[in-house]
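# Breakdown of the fold
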Amino acid sequence: MGGAVSAGEDNDELIDNLKEAQYIRTELVEQAFRAIDRADYYLEEFKDNAYKDLAWKHGNIHLSAPCIYSEVMEALDLQPGLSFLNLGSGTGYLSSMVGLILGPFGVNHGVELHSDVIEYAKQKLDFFIKTSDSFDKFEFCEPSFVTGNCLEISPDCTQYDRVYCGAGVQKEHEDYMKNLLKVGGILVMPLEEKLTKITRTGPSAWETKKILAVSFAPLIQPNHTDSGKSRLVHLPPVAVRSLQDLARIAIQGTIKKIIHQETMSKNGNGLKNPPRFKRRRVRRRRMETIVFLDKEVFASRISNPSDDNNNCEETEDERREEEEMKPSELKPDPPVNFLREKRFTFQPHQGDTTRGLQEAEEPQ
């Protein structure tokens, strides 16, 4: 699948192409796509193809085409604080983009059949958290991945606001998928060769919309044990946030506000140095006099003898002014990641079950 838009030279150009083709239509989705570089989820030897609108598969590792992920993200209608379940979570690329929108009070779970892909996804998630500036710019809902077949989810699991399945769903499993949704929730999945959006409007009421034609590999059927029993998949519990988590979220938000204010006061708009305006200089101009006498034309120039010297002096003054202004105009200060410099970590006090705050410096 894919090939709907032109390839990009980098991640931003790929997103520009997806916007132009109307696959990305909302600001939230655009921000999430720009924040995470698709190439970071490729193996090094295949990164040349990262910005093409094509699916990629290597062994058990798989990424859908960017146009498919765009339609999925738009159809899910994500909002901060929602719960999300990704069936066939793969590399974690989609789950991480979703986590940027859900924010710190969301729920972000993924189920993946292959344990080696789970390890790959955890490595990519760890790399994103440790190295990406986008992690500092967003309130991130970190995804949690579990290994298992998504058709064997424990029946006592919680229901979700948003569910996506990244493999073709057979018709006999449609109701199973629907029952994973809360009332008011949205399910997006490939069903009968169509990317389909299903909204649960009531306990037994649904609205279905076909989005576009797709071709996905079908879901792998459960492989029962010798005893004939299935291996139930138990999803992480949805627990109330601890006081420690709430304190951490509040502290991070406060730090970001302080850094934003400091950046604004230092650089004006926080993005670049404010422009400096040149003083406008008034230059003297020579006067030309033309006299018409009996069909003949006589031209003469009235000028001050000192004009030529003055013009040369003014030109030299302007040149000196421009040279003085060049360093500040053309060389803005390099960007500084203030949030990573002002990290806080929780450190336990000896003999106390409570935790204190201690400022942590970035390792040199």
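Shown above is the structure to which this text applies.
Predicted model, so just to flag it, every value in this text is computed and none were measured.

## Examining the nonpolar core
In terms of nonpolar packing, the biggest core is built from 53 residues, with Phe33 and Met73 touching the most fellow members. Those elements that place two or more of their residues in this core are helix 1 (11–20), helix 2 (27–35), strand 2 (61–63), helix 3 (66–76), helix 4 (93–102), helix 5 (115–131) and strand 7 (181–191). Each residue touching Phe33, except ones within four places of it in the same chain, is listed here: Asn11, Ile15, Ile24, Pro66, Tyr69, Ser70, Met73, Tyr93 and Met97. Among the nonpolar cores identified, the runner-up in size contains 24 residues, and Met177, Met189, Ile198 and Val233 belong to it.

## Comments concerning the pattern of salt bridges
Close approach of charged atoms lets side chains of opposite charge pair. Summed over the entire model, instances satisfying the criterion amount to 11 salt bridges. A salt bridge links Asp12 to Arg34; the shortest N-O distance between them is 3.1 Å. Taken together, the residues span a long stretch of sequence, with Asp12 in helix 1 and Arg34 in helix 2 at a distance of 22 residues. By relative accessible area, which is 27% here, Arg34 ends up partly exposed. The closest approach of N and O atoms between Glu174 and Lys171, which form a salt bridge, is 2.7 Å. A residue is classified by how much of its surface remains accessible, and Lys171, at 45% relative accessible area, is partly exposed. Taken together, the shared-partner salt bridges in this structure form one network comprising Asp12, Asp16, Lys19, Glu30 and Arg34.

## Thoughts on the environment of Gly184
Along the polypeptide, Gly184 turns up in strand 7. What makes Gly184 partly exposed here is its relative accessible area of 46%. When near neighbours in sequence (up to four residues on either side) are disregarded, Gly184 contacts Arg162 and Arg200.

Criteria and thresholds
The residue numbering used here restarts from 1 in each chain and proceeds along that chain's sequence as written. Local features in this predicted model are restricted to residues of pLDDT 70 or higher, and side-chain atom pairs are both shown and tallied only at a pLDDT of 80 or more, whereas totals for entire chains, interfaces and linings draw on every residue. Computation of side-chain values covers all heavy atoms of the structure but excludes hydrogens and water. Residue types Ala, Val, Leu, Ile, Met, Phe, Trp, Tyr and Cys, when buried and joined through side-chain atoms within 4.5 Å, form a set referred to as a nonpolar core. The buried label goes to any residue with under 20% of its type's maximum accessible area, the exposed label to any with over 50%, and the partly exposed label to all in between, with areas taken from a 1.4 Å probe on protein chains only. A run of H or I in DSSP counts as a helix once it spans at least four residues, and a run of E counts as a strand once it spans at least two, with each numbered from the N terminus. The contact definition used throughout considers only heavy atoms, calling two residues in contact when any of these lie within 4.5 Å. Counted as salt bridges are all cases of a side-chain nitrogen of Lys or Arg within 4 Å of a carboxyl oxygen of Asp or Glu.

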